[in-house]
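Chain and residue survey
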Amino acid sequence: MIYAVISFAAGVVFVQNQALLPPFWWALGGVVLLLFLSFFSRKRAANRLCARPANGARRVWSGVRFLTLGAACFLIGVAWTSWRAEERLQDALATPWEGRDVAVQGVIAGLPQATARGLRFELRVENILTPEVLTPEARLPQRLQLNWYAPRGAGAALPEIMPGQRWRFVVRLKKPHGSANPGGFDYEMWLFERAIRATGYVRGTKGEKLAAFVPSGESLVDRLRHGVRARFETVLPAQEWPWVGILVALAVGDQKAVEGEWWTVFNRTGTTHLMSISGLHVTMVAGMLGGLVSFFWRRLPGLALRYPAQHAGVWAAALGAFLYALLAGFGVPAQRTFYMLLVVALAMLSGRLPGPRQVLALAVLLVLLLDPWAVLAVGFWLSFGAVAALLFIASARVEQIRGWRARLGEWGSVQWAATLATLPVLMAVFQQFSLVSPLANAFAIPVISFIVTPLALLAALLPWPPLLLLAHGVLGGLMQFLVWCSEWPVWQAAAPPFWAVPLGLVGVALVLLPRGVPGRALGFVCILPCLHWPAPALPPGVAQIDVLDVGQGQAVLVRTQSHTLLYDAGPRYSAEADAGQRVVLPYLRWLGVQRIDRVVLSHGDADHIGGFSSLLAGVAVGDVLSSISDLSTQLPANLCVAGQHWQWDGVDFRLLHPLADAYDAPQKRNALSCVLQISAGGRQLLLTGDIEAADELALLQRAGKALASEVILVPHHGAAGSSSAAFVAAVGAQEAIFSAGYRNRFQHPRPEIVQRYAEQGARTWRTDTDGAIALRLGESQGEKDLAIDSWRARHARYWQGR
């Protein structure tokens, strides 16, 4: 059975990594063919066995049957996932509705979130109220994610919205879209996994509430979760009680209630899994409820005679796990625990109790049958991987644990196994892991699981404020310890190659073997590529340039053999997030870059410097060049001046704009943009900031033919006031890159500007449709085009842009 489940899961993973969905009927036909071959091989093996027992042919046919069954389970996984994915893709935003006002009626779903600018919530669409229906196929997705921006002005506020309410809104929608960068968070995948097939915002500041509550199972659970969160935040206002968001997350699974600074602490200490509803918490609740039911059941002879107390306890534990999982939003760790308990309960009912590994395999199967997209979440791999490791070491135990020293040693073994099992996945996904994680978890697990979480759940059930105060006090002591632990170093390395992850998992299995088993030391060798796989160094005279997809803004990373430069730091998205935190730093970790030698901030617009503060907080920076005379930084900083020049590893960097006297008179920020030309191997890249037509004319008069470059980052994101015909002709670029946000309000890049570069013979690239753009200058390529490609082309997935 375990083999069949692994094969099925492999089919699910295969589909989720495809650019196009495999045809459902082909996969289903393959299943039928393979099952026929399996039956045929079994029959042949039986015939051979009757004729000549235990001969080689029998073993061959048995092997064929084994392989065909595995392949059939793989194709079943492919067929199931393709069918589910095709259904979800059909629930899409019709193109006629994108970017236009549409009146909708729907029910508030999930937990609405307060943001710096208003509210964010999900809406279950019931009806389209816009009078003119463009075509019969022009329908809306079943689920939308909407922002509702608060009006500006003193005393202005939005009405309160609650789960289960029915509202009428006028909204403007767009298809799911997110930044596409190596090492970055895949927002489109996250939306697709949650069946959110369009995003947008409410037009204006008014909506019409049509009903206070629309009865349904989902609405009832969401309203209950909302009530618990509201009561927690009323009793413990966040301004005075900084960790109330963690208590909310532990009680109802609302991780967005936790402030971003605390997630940094949890990441650096390896305790992130404890600050949400984990399988450990669900197991604890289920175990307590099951134990209580079993205890009292045995003391009631009438019940004990009718039904075994052990069975009643298991059913009670499964019910408790289900209710807590519902309250927590039914995440993968909670699902895994509930399904494992459900399998045990059903097995007891049937009289056939499977082993722990079979229970885990059945839980995996149930999760993937209900949610084939669970494999896209790192929590799936961390959750099931940690449990598999614990079962692996438990199977090697041959004697009962006695004494406190033995129990302490067993606790250490559990921590070691869980940490080691998750290490390959953590390095592949996050390129870092906490060195202090075993120590932090040794204290945090018992405190969170056996003190804070039970108190938070009791406070959710019993509206008695002292319970929350006590939970917050205990949590405060733990947080001080974790903040101290977060100052310890974190191991970081470049993303390992794909093959290093399965090799690392094999190494984990070898290391966790019992003492005395030969080959355990080889396991550490297998794990090493995950811990440190050096990125290939660039040769002298070569520059690698990556134009990152930061939305409506700009950030360009330039690497030579031993130096790194960042041109602009991207925009600020909100009070809680910016491109430095969301895009640049994850990409640097993915590359294994731990220092930027120079940051060039072209000018002071927020879409170019919004991520600068997060960048300084997350990576070492040598110095800064900018056109911002009042830049606030403790680093060595100088103003950009035309004529400045330096060379790194055989690659030339030259500033062409602005002139020194441009700072003496008031200027528009765009006019002061630092224009940087990079030369390697006889080819040039021109980074232009937000210069406009007048600045382009000045550059033409000063630099003339020196402006000629094979690649250009188009000025001002392709605005109509830049890229004059004379400038475009003088540069003569073969490749023109536009850094712009998807359906941005400025309508960048303008179609006439894109056409102007195309007419000059340039191939055009756009970060909003192509994702991050990577190119290399300096390698010998003869007369061929430059080596340039995009992340969306290299990492295409079937849900992108749909």
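Below you will find a few notes about this structure. (Residues numbered from 1 in each chain as written. Predicted model: local features only at pLDDT ≥ 70, side-chain atom pairs only at ≥ 80, totals over all residues. Heavy atoms only, no water.)

Some points on the overall build of the chain
- Within the chain, the secondary structure is distributed over 26 helices and 23 strands.
- Counting the 802 residues in the chain, one finds 49% classified as buried.
- Taking all contacts inside the chain whose residues are at least 6 apart in sequence as the whole, residues at least 24 apart take part in 71%.
- Here the chain displays about 37,200 Å² of accessible surface, and carbon together with sulfur accounts for 61% of that area. (Helix = DSSP H or I, 4+ residues; strand = E, 2+ residues; numbered from the N terminus. Buried < 20%, exposed > 50% of the residue type's maximum accessible area, 1.4 Å probe, protein only. Contact = heavy atoms within 4.5 Å. Areas by Shrake-Rupley, 256 points an atom, 1.4 Å probe, with all protein chains shown as cover.)

Quick look at the pairing of strand β3 (residues 143-149)
- Burial of β3 is extensive: 6 of the 7 residues sit out of reach of the surface.
- By the bridge criterion, 7 bridges tie strand β2 (residues 118-128) to β3 in an arrangement that is antiparallel. Bridge pairing in β3 links Phe-121 to Leu-146.
- When β3 meets strand β5 (residues 199-202), the two strands line up parallel, connected through 3 bridges. Residue Asn-147 lies in a different strand from β5, and its bridge partner there is Tyr-201. (Pairing = 2+ DSSP bridges.)

With respect to helix α10 (residues 309-327)
- Between its first and last C-alpha, α10 extends 27 Å over 19 residues, near the 27 Å set by a 1.5 Å rise per residue.
- Of the positions making up α10, those classed as buried are Ala-309, Ala-312, Gly-313, Val-314, Ala-316, Ala-317, Ala-318, Gly-320, Ala-321, Tyr-324, Ala-325 and Leu-327.
- One or two positions beyond α10, positive phi appears at Gly-329, with a value near 90°. (Expected span 1.5 Å × (residues − 1).)

Remarks on the layout of surface pockets
- Estimates place the volume of the second largest pocket at around 900 Å³.
- Lining the second largest pocket are 37 residues, and of these Ala-535, Pro-536, Arg-559, Leu-591 and Val-593 sit closest to its centre.
- Mapped by element, the contributors of at least two residues to the lining of the second largest pocket are β9 (543-547), α19 (579-591), β12 (595-601), β22 (773-777) and β23 (788-790).
- Class assignment for the residues of the lining of the second largest pocket results in 20 nonpolar, 10 polar and 7 charged. (1 Å grid on protein atoms, 1.4 Å probe; cavity = no way out; pocket = protein on both sides within 12 Å on 5 of 7 lines; lining within 4 Å. Points joined across faces, edges and corners; volume = space filled by probe spheres on them. Nonpolar A, V, L, I, M, F, W, Y, C, P; charged D, E, K, R; others polar.)

Details of helix α12 (residues 356-370)
- Here α12 is 15 residues long and its end C-alpha atoms lie 21 Å apart, about the 21 Å a rise of 1.5 Å per residue gives.
- By the burial criterion, the buried members of α12 are Val-359, Leu-360, Ala-361, Ala-363, Val-364, Val-367 and Leu-368.

Re the sheet that holds strand β15 (residues 645-648)
- The sheet built from 7 strands is open, its strands ordered β15-β16-β17-β18-β19-β20-β21 with mixed pairing. Each end of this open sheet is capped by a strand with a single partner; those strands are β15 and β21 (763-766). Each strand of the sheet is rotated relative to its neighbour by a mean of 20°, with strand direction disregarded.
- The pairing of strand β19 (residues 711-713) with strand β20 (residues 735-738) spans 3 bridges and is parallel. Note on β20: the bridge partner recorded for Leu-713 is Ile-737.
- Strands in contact with helix α22 (residues 693-703) are β16 (651-657) and β17 (675-680); relative to β16, the strand with the most contacts, it is inclined by about 120°.
- On top of the sheet, helix α24 (residues 751-759) reaches β19, β20 and β21; it is set at about 165° to β20, its chief contact. (Axes fitted to C-alpha atoms, helices over the stretch in contact; angles between N-to-C directions.)

Thoughts on the state of the cysteines
- Tallied over the full model, the rule gives 1 disulfide.
- A sulfur-sulfur separation of 2.2 Å characterises the disulfide bridge that pairs Cys-640 with Cys-674. Here Cys-640 and Cys-674 share a disulfide; its torsion about the S-S bond, 95°, makes the bridge right-handed. Of the two residues, Cys-640 is situated in the loop between β14 (637-639) and β15 and Cys-674 in the loop between β16 and β17; the sequence distance between them amounts to 34 residues. (Disulfide = S-S within 2.5 Å.)

Brief notes about the sheet that holds strand β10 (residues 556-559)
- Within the open sheet, the 8 strands sit side by side as β14-β13-β12-β11-β10-β9-β22-β23. Their pairing is mixed. Two strands in the sheet have a free side with no partner beyond their single neighbour: β14 and β23. Taken over all neighbouring pairs, the strand axes of this sheet differ in orientation by 20° on average, direction set aside.
- Of the pairings in the sheet, the one linking β9 to β22 comprises 5 bridges and is antiparallel in character. Paired with Ala-543 across the bridge in β22 is Leu-777.
- Seen against the sheet, α19 touches β9, β10, β11 (564-567) and β12 and runs at an angle of roughly 25° to β10.

Comments concerning the pattern of salt bridges
- Enumeration over the complete set of coordinates arrives at 19 salt bridges.
- Residue Asp-101 pairs with Arg-172 through a salt bridge whose shortest N-O separation is 3.0 Å. One end of the pair, Asp-101, is in strand β1 (residues 101-115); the other, Arg-172, is in strand β4 (residues 166-174), and 71 residues separate them in sequence.
- The shortest N-O distance in the salt bridge between Arg-763 and Glu-735 comes to 2.8 Å. Of this pair, Arg-763 sits in strand β21 while Glu-735 sits in strand β20; the two residues are 28 residues apart in sequence, bridging distant segments of the chain.
- Since its relative accessible area comes to 36%, Arg-763 is described here as partly exposed.
- One network of salt bridges, in which partners are shared, links Glu-122, Arg-124, Arg-143 and Glu-218. (Salt bridge = Lys/Arg side-chain N within 4 Å of Asp/Glu carboxyl O.)

Regarding the nonpolar core
- Judged by nonpolar contacts, the single largest core of 70 residues is most densely connected at Phe-232, Ile-246, Phe-266, Leu-368 and Leu-475.
- A total of 11 residues in this core trace back to one element, the largest contributor, which is helix α15 (residues 437-461).
- Sequence-distant contacts of Leu-368, that is, excluding residues within four places in its chain, are made with Phe-8, Ala-9, Val-12, Trp-80, Ala-374, Val-375 and Phe-380.
- Tyr-567, Leu-676, Ile-678 and Ile-788 belong to the second-largest nonpolar core, a separate cluster that totals 30 residues. (Core = buried A, V, L, I, M, F, W, Y, C linked by side-chain atoms within 4.5 Å.)

Considerations on a nonpolar patch on the surface
- Together, Leu-439, Phe-443, Trp-484 and Trp-488 make up an exposed nonpolar region whose accessible area comes to about 400 Å².
- Among the secondary structure elements, Phe-443 is positioned in helix α15. (Patch = residues over 30% accessible without salt bridge, like charges linked within 9 Å, V, L, I, M, F, W, Y side chains within 5 Å.)

Regarding unusual backbone geometry
- For the bond running from His-657 to Pro-658, omega is 5°, close enough to zero to count as cis.
- Looking at where Pro-658 falls in the secondary structure, it is placed in the loop between β16 and β17.
- Of note, the bond from His-748 into Pro-749 is cis; its omega dihedral lies within 30 degrees of zero at -10°.
- Within the secondary structure, Pro-749 is located in the loop between β20 and α24.
- With a phi close to 60°, Gln-431 is a non-glycine residue in the positive phi region.
- Mapping Gln-431 onto the fold places it in the loop between α14 (404-429) and β7 (432-434).
- Judged by its relative accessible area of 1%, Gln-431 falls in the buried class.
- The phi dihedral of Asp-649 is positive, around 50°, even though this residue is not glycine.
- Inspection of the secondary structure puts Asp-649 in the loop between β15 and β16.

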